[in-house]
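Given next are the chains, with one letter for each unit.
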Amino acid sequence: MSRSDVAGVSTQGYPFELSEGDEANGLASILAMLLGQNLEQYPDRIAIARRVRRPVAVYSTDTDTSATIVFGTDGATVHNGIVGRPSVTVMASVDQITDVSQLKMMGAGLLPAGFFTKRGLHVLGEIARHRLVVKGLLTHTATALRFIALVSVVE
Amino acid sequence: MAEEFKFFSPEWCEAAIPVVNSHEATIQGFKDASTFSHRMAFTCAERGLVTHMEWKEGKVAEWSGPQYDESDLWLIIDAGLATWQAAASGASEGGKLLLAGKIKFKKGPMSAAIENAGAFNNFLSSWGMVPTDWDV
């Protein structure tokens with residue numbers, strides 16, 4: 001199967017490949033599609049992706065599934081489950097993932113402008129109450145912010 | 001007892017239009033209903049069922065069997081019968097079914113699903129108000 005056969009995965013610039021192919025879980029598939037489409041629409045974010053040097057994992061608390069994104073120089077691979085030693089792990093519900101991906105990020109992904117909105121303050125509140133957990137937020141802050149910039153659907 | 005329509009049949013689609021268009025939670029769930037004008041397909045490939053619909057400014061203008069070229073479709077969304085039934089009954093939300101891999105985006109921007117997640121979830125649950133014969 002060629003990259004172009006994989007729905008939603010960027011076919012140029014900075015592709016996201018599913019390591020498990022057709023056996024990818026729903027979360028991995030959605031992340032690959034979202035990230036690939038975002039980088040196609042906003043190619044300036046490719047530089048942000050290249051600066052994420054450690055894996056980032058997402059655990060969907062509603063569906064009890066996880067996926068890990070390993071970023072490289074020319075593309076990324078999305079794995080089922082937790083792979084390697086992610087520096088950042090986001091543990092969130094579907095609604096929280098939806099909220100986080102609508103936060104505007106600026107300054108090469110390091111300026112979280114979207115946190116200063118009603119939705120952003122809600123996300124921060126969820127983090128403060130440990131309902132939304134971002135492991136590595138304090139120790140790998142840049143990676144966490146860059147990842148939010150990559151999944152953000154906001155220009 | 002109200003007549004039941006075979007799921008995703010032309011008659012079911014026709015019956016679903018007024019249900020969806022009067023479903024306030026769906027309309028309120030759009031990021032901007034006034035600009036939501038798109039053609040899309042909802043399918044149940046495992047049963048060979050394909051429907052095409054057209055939204056105009058947040059309202060369903062048409063919904064029936066296949067009628068548009070695939071290139072005209074903004075979204076193509078597929079799921080198994082049990083998944084559609086679960087979404088219609090409200091047992092599971094569309095967003096959760098999507099992340100669980102039960103509902104699949106075959107074509108279209110994920111950003112649309114994210115920005116209109118509220119409308120998507122409520123749109124699917126409104127199907128539960130359509131008298132449906134799920135034996136297809």
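Small disclaimer: the values here were computed from a predicted structure and weren't measured.

Calculation criteria
Residues numbered from 1 in each chain as written. Chains lettered and ligands numbered in written order. Predicted model: local features only at pLDDT ≥ 70, side-chain atom pairs only at ≥ 80, totals over all residues. Helix = DSSP H or I, 4+ residues; strand = E, 2+ residues; numbered from the N terminus. Rg over C-alpha atoms; globule rule 2.2 N^0.38 Å. Buried ≥ 20, exposed ≤ 12 C-beta atoms within 10 Å, placed from the backbone. Contact = placed C-beta atoms within 7 Å. Nonpolar A, V, L, I, M, F, W, Y, C, P; charged D, E, K, R; others polar. Pairing = 2+ DSSP bridges. Axes fitted to C-alpha atoms, helices over the stretch in contact; angles between N-to-C directions. Core = buried A, V, L, I, M, F, W, Y, C linked by C-beta atoms within 7 Å.

Comments concerning the overall build of chain B
And then number 1: Scanning chain B from terminus to terminus reveals six helices and seven strands.
And then number 2: Compactness check: chain B gives a C-alpha radius of gyration of 13 Å against a globular reference of 14 Å for 136 residues, within 12% of the reference.
And then number 3: Along the longest, intermediate and shortest principal axes, the C-alpha atoms of chain B span 35 × 30 × 30 Å.
And then number 4: Buried residues in chain B amount to 42% of all 136 residues.
And then number 5: The contacts of chain B with a sequence gap of at least 6 include a subset with a gap of at least 24, amounting to 68%.

What to know about the overall build of chain A
And then number 1: The helix and strand tally for chain A stands at five helices and six strands.
And then number 2: Listed N to C, the secondary structure of chain A is β-α-α-β-β-β-β-α-α-β-α in terms of helices and strands.
And then number 3: Viewed in the frame of its principal axes, chain A has a C-alpha envelope of about 45 × 30 × 25 Å.
And then number 4: Across the 155 residues that make up chain A, the buried fraction comes to 49%.
And then number 5: Across chain A, every contact between residues at least 6 apart in sequence was considered, and the portion connecting residues at least 24 apart equals 62%.

Some words on the interface of chain B and chain A
And then number 1: The interface is formed by 16 residues belonging to chain B together with 19 residues belonging to chain A.
And then number 2: Only helix 4 (94–99), strand 6 (103–107) and helix 5 (110–115) of chain B provide two or more residues apiece to the side of chain B that touches chain A.
And then number 3: Classifying every residue of the side of chain B that touches chain A by side-chain character gives eight nonpolar, three polar and five charged.

Structural notes on the pairing of strand 3 (residues 49–56) of chain B
All names here are of chain B.
And then number 1: Two elements, strand 2 (residues 39–44) and strand 3, share six bridges in a ladder whose sense is antiparallel. When the sheet's bridge partners are listed, Met 40 is paired in strand 3 with Met 53.
And then number 2: A loop of four residues connects strand 2 with strand 3, the two strands running antiparallel in sequence, and Gly 48 in this loop sits at a positive phi of about 70°.
And then number 3: Linking two consecutive strands that pair antiparallel, namely strand 3 and strand 4 (residues 59–64), is a turn of two residues; a positive phi of about 50° is found at Glu 57 within it.

Digging into the sheet that holds strand 5 (residues 88–92) of chain A
Strand pairing within a sheet occurs via backbone hydrogen bonds; the two strands may be parallel or antiparallel.
Residues and elements named next belong to chain A.
And then number 1: Strand order in the open sheet made by the six strands is 1-4-3-2-5-6, with mixed pairing throughout. The open sheet is flanked by strand 1 (16–18) and strand 6 (133–135), the only strands paired with a single partner. Neighbour to neighbour, the strand axes of the sheet diverge by 20° on average, direction disregarded.
And then number 2: Where strand 2 (residues 56–60) and strand 5 come together, five bridges link them in parallel fashion. What sits directly across from Ser 60, in strand 5, is Ala 92.
And then number 3: Its contacts with the sheet put helix 1 (residues 26–41) on strand 1, strand 2, strand 3 (65–71) and strand 4 (76–80), and the angle it makes with strand 3 is roughly 40°.

Brief notes about unusual backbone geometry
Peptide bonds are trans in most cases, and residues, glycine excluded, mostly fall at negative phi.
And then number 1: For A:Ala108, which is not a glycine, the phi torsion comes out positive at approximately 60°.
And then number 2: Relative to the helices and strands, A:Ala108 is located in the loop between helix 3 (94–100) and helix 4 (118–128).
And then number 3: Assessed through the 15 C-beta atoms surrounding it within 10 Å, A:Ala108 is described here as partly exposed.
And then number 4: Of note, B:Phe8 is a non-glycine position whose phi angle comes to about 65°, a positive value.
And then number 5: Structurally, B:Phe8 can be placed in the loop between strand 1 (5–6) and helix 1 (10–21).
And then number 6: Judged by local crowding, B:Phe8 falls into the buried class, with 24 C-beta atoms found within 10 Å.

What about the nonpolar core?
And then number 1: Core analysis: the biggest nonpolar cluster contains 81 residues, and A:Leu31, A:Val78 and A:Ile148 have the highest contact counts within it.
And then number 2: Not counting residues within four places of it along the chain, the set of residues in contact with A:Val78 comprises A:Phe16, A:Leu18, A:Ser19, A:Ala28, A:Leu31, A:Ala32, A:Ala67 and A:Ile69.

Looking at the sheet that holds strand 3 of chain B
Residues and elements named next belong to chain B.
And then number 1: With respect to topology, five strands assemble into an open sheet ordered 4-3-2-5-6, the strand pairing being mixed. Each end of this open sheet is capped by a strand with a single partner; those strands are strand 4 and strand 6. Mean inter-strand twist for the sheet, computed between neighbouring axes without regard to direction, equals 25°.
And then number 2: Running at roughly 175° to strand 4, helix 1 makes contact with strand 3 and strand 4 of the sheet.

Nothing here speaks to function; it is geometry throughout.
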